[in-house]
Amino acid sequence: LPSVLCLGDCQLQTPCRIQKCTTDFVSLTSRLNSALEGFDLEFCKALRAYFACTYRNSKVCRGDLVYHYAVLGINDLMSQRNCSKDGPTSSTNPEVTHDPCNYSGHAETREHQGGEKTPPSTYLFCGLFGDPHLRTFKDHFQTCKVEGAWPLIDNNYLSVQVTNVPVVPGSSATATNKITVIFKSYQDCIDQKVYQAVTDDLPAAFVDGTTSGGDGNTKSLRIVEKVSGKYVEMHARYIGTTVYIRQLGHYLTLAIRMPEELVMAYGESQDLQLCVNGCPSSERIDDSGHLPLPVMGQLSHQGGAAHPWSVYTLETATTKCHEKMLVKDIYFYSCVFDLLTTGDANFTAAAHSALQDVEALHPRKEHWHIFPSSGGGGVGKGSKFFVGLRLVCLILVVFL
């Protein structure tokens, strides 16, 4: 009968684990000696661990009488021992102190339980900015058109979709004007949360008006506004993921760091993810490493006509980008291309902030900079374009 009546998004009822909480507390306190110095401190730490365990089970145990007796007992003991609810918890039992809503502690718990050391979690980075330029989780760098709505990420934990619109008439180049991020429901840590940003509306809250997700003093998911209406960060501690979203000029940029094991947790129907597999070949502006390069501030497009959309020459665009970025890496050349394509100086700031986001989120410093001359090195097919752009720059500078 329950399976017949269960319609829509049904989930199996998680069992109440109050007995496990109590057993762990007894195990912790039974090792303590009240005659020794520091007994009160350790007892309070064990009691706080007991409280945290009951708190995590509050939803599934609300109808359990044993649970309510345990909560009353904890409050009484805390009062008797003058224990505060804020403070450290016992670390002598990994099963008690393990917080399922804190990803950074998962590997440590597996190490204790399995008796063998597990390799540290590998984090991956993906970024999107400019016209747009995509840096995939594999550190491949591409320039794509991908007009309309496209999934950047779509795994069992997180979904990120971007919408791109044409930047200038007659050009295949686009830029991002809408970003939707969906943090999917996860155990008892969070219910589903949706964040949406569009040009000139970069909120510091989810669509339901909240700024965090999860229970307890330390939220499993939270939004931090860095610059009002221009820059927000989202920190999802339960999946070890950080997301940066910025508005620069009329367009949005995104940067994300996520554990590799979660990035790869997706099914066959979720294979269209730009951050994972890059842009489809039909959507690449740098087809086979070549681009219809804008020269001297004019953008050539199909039909042979040219429009002076950009006020920049190759020399002035190079100078402008060099003001923000001293290292002539792939972000520098992306900046030059965007200025020549659009004439919008905000794309200089976009390239610069994209590199700053790499330095803040990319786990491997030696991979922060991708150079056109690296001959592969994660650049992919787009490397030929940037090498070509560098040669054109050098030739024109010589003759100007």
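Going by an unreviewed UniProt entry, the protein carries the name RGMB protein and comes from Chunga burmeisteri. If you open the UniProt record of the protein and go to Sequence similarities (unreviewed entry), you find "Belongs to the repulsive guidance molecule (RGM) family." The Subcellular location (unreviewed entry) field of the UniProt record for the protein holds the comment "Cell membrane".

Novice: Explanation requested: the packing of aromatic side chains in the structure shown.
Specialist: Aromatic ring pairs are defined here through the distance separating the ring centres and the angle between the ring planes. Scanning the model with the defined rule gives 14 aromatic pairs in all. Relative to Y333, the ring of F332 lies with its centre 5.1 Å away and its plane at 85 degrees, an arrangement referred to as edge-to-face. A residue is classified by how much of its surface remains accessible, and Y333, at 4% relative accessible area, is buried. Taken together, the ring pairs connect F25, F39, F43 and Y50 into an aromatic cluster. For the cation-ring pair, R246 lies above Y231, with the distance from its terminal atom to the ring centre recorded as 4.0 Å. Taking the ring centre of Y123 as reference, the NZ or CZ of R257 above it sits at 5.8 Å.

Novice: Please explain the sheet that holds strand 12 (residues 251–259) as it appears in this structure.
Specialist: Strand pairs in the sheet, formed through backbone hydrogen bonds, run parallel or antiparallel to each other. Taken in spatial order, the eight strands make up an open sheet running 3-2-1-12-11-10-9-8, and their pairing is antiparallel. Looking at the sheet topology across the chains shown, the edges are occupied by strand 3 (141–143) and strand 8 (212–213). Where strand 2 (residues 133–135) and strand 3 come together, three bridges link them in antiparallel fashion. In the strand pairing of strand 3, H133 is matched with T143. Sheet contacts for helix 11 (residues 346–361): strand 1 (123–129), strand 2, strand 11 (241–248) and strand 12; angle to strand 11, the most-contacted strand, approximately 165 degrees.

Novice: Help me understand the nonpolar core in this model?
Specialist: A general tendency of soluble globular proteins is for nonpolar side chains to be buried together. In this structure, L152, F183, Y195, Y238 and I245 are the most contacted members of the largest nonpolar core, which totals 46 residues. It is strand 12 that contributes the most residues to this core, four residues altogether. Core analysis: the second largest hydrophobic core is formed by 26 residues, F125, F129, F332 and L340 among them.

Novice: Teacher, can you tell me more about the sheet that holds strand 6 (residues 174–183) here?
Specialist: Taking strand neighbours across the sheet as the criterion, the four strands line up as 4-5-6-7 in an open arrangement whose pairing is antiparallel. The sheet terminates laterally at strand 4 (148–154) and strand 7 (193–198), the two strands that pair on one side only. Within the sheet, the average angular offset between the axes of one strand and its neighbour, ignoring direction, is 20 degrees. Note that strand 5 (residues 158–166) and strand 6 share nine bridges and pair antiparallel.

Novice: Is there a simple way to think about the side chain of T342 in this case?
Specialist: Looking at the element boundaries, T342 is found in helix 10 (residues 330–342). Within the structure, T342 has its side chain in polar contact with the backbone oxygen of D338 (distance 2.8 Å). Only 3.0 Å separates the side chain of T342 from the backbone nitrogen of D344, close enough to count as a polar contact.

Novice: Would you take a moment to explain a nonpolar patch on the surface for this structure?
Specialist: On the surface, a cluster of nonpolar side chains totalling about 370 Å² of accessible area is made up of L65, Y69 and L72. If you trace the backbone, L72 turns up in helix 4 (residues 65–81).

Novice: What am I meant to see in the pairing of strand 10 (residues 231–236) here?
Specialist: Each regular strand carries side chains that alternate between the two faces of the sheet. With five of six residues buried, strand 10 lies mostly within the body of the structure. Alignment of strand 9 (residues 221–227) against strand 10, held across six bridges, turns out to be antiparallel. Bridge pairing links V224 to E233 in strand 10. Linking two consecutive strands that pair antiparallel, namely strand 9 and strand 10, is a turn of three residues; a positive phi of about 70 degrees is found at G229 within it. Pairing of strand 10 with strand 11, which is carried by six bridges, proceeds in the antiparallel orientation. If you follow A236 over to strand 11, its bridge partner there is T241. What sits between the antiparallel neighbours strand 10 and strand 11 is a turn of four residues, in which G240 has the positive phi angle 60 degrees.

Novice: Explain the state of the cysteines to me, please; I cannot follow it from the model alone.
Specialist: Put plainly, a disulfide is one covalent bond tying together the sulfur atoms of two cysteines. For the structure on display, the rule yields seven disulfides. Between the sulfur of C16 and that of C61 lies a disulfide, 1.9 Å long from S to S. A torsion of 110 degrees about the S-S bond marks the disulfide between C16 and C61 as right-handed. Highlighted residues: C16 in the loop between helix 1 (2–5) and helix 2 (18–30) and C61 in the loop between helix 3 (39–56) and helix 4, separated in sequence by 45 residues. Residue classification places C61 among the buried residues on the basis of a relative accessible area of 0%. Between C144 and C279 runs a disulfide, and the two sulfur atoms are separated by 2.1 Å.

The rules behind the values
- Numbering of residues starts from 1 in each chain and follows the order in which that chain's sequence is written.
- It should be noted that, the model being predicted, local features are given only for residues of pLDDT at least 70 and side-chain atom pairs only at 80 or more, the latter also being counted only at that level, while totals for whole chains, interfaces and linings use all residues.
- Only heavy atoms go into the side-chain values, all of them from the structure, while hydrogens and water stay out.
- UniProt positions are given in the numbering used here, feature names are shortened, and annotations may be inferred rather than shown by experiment.
- Pairing of aromatic rings covers Phe, Tyr and Trp, the last counted by its six-membered ring, and requires centre-to-centre distances within 6.5 Å; plane angles under 30 degrees mean stacked, over 60 mean edge-to-face, and any other angle means tilted.
- Exposure classes here rest on a 1.4 Å probe applied to the protein chains alone. A residue is buried below 20% of its type maximum, exposed above 50%, and partly exposed in between.
- Each ring is checked for a lysine NZ or an arginine CZ that lies within 6 Å of its centre and within 35 degrees of its normal; such an atom marks a charge sitting over the ring.
- For two strands to be treated as a pair, DSSP must find no fewer than two bridges joining them.
- Strands are runs of DSSP state E lasting at least two residues, helices are runs of H or I lasting at least four, and both sets are numbered from the N terminus onward.
- Contacts are residue-level and defined by heavy atoms, with any inter-residue pair within 4.5 Å sufficient.
- Lines fitted to C-alpha atoms define the axes here, with helix axes fitted over just the stretch in contact, and angles between the N-to-C directions of these axes take values from 0 to 180 degrees.
- In this description, a nonpolar core means a group of buried Ala, Val, Leu, Ile, Met, Phe, Trp, Tyr and Cys residues linked to one another through side-chain atoms lying within 4.5 Å.
- Here a polar contact is taken to be a pair of N or O atoms separated by no more than 3.5 Å, where protein atoms must pair a possible hydrogen donor with a possible acceptor and residues adjacent in sequence count only if both atoms sit in side chains.
- Residues forming no salt bridge and having over 30% relative accessible area are the ones grouped into patches, like charges within 9 Å of each other and nonpolar side chains (Val, Leu, Ile, Met, Phe, Trp, Tyr) within 5 Å.
- Computed by Shrake-Rupley with a 1.4 Å probe, the accessible areas treat only the displayed protein chains as cover when residues are assessed.
- One side-chain nitrogen of Lys or Arg within 4 Å of one carboxyl oxygen of Asp or Glu is enough to make a salt bridge.
- Our working definition of a disulfide is a cysteine sulfur pair at a distance within 2.5 Å.

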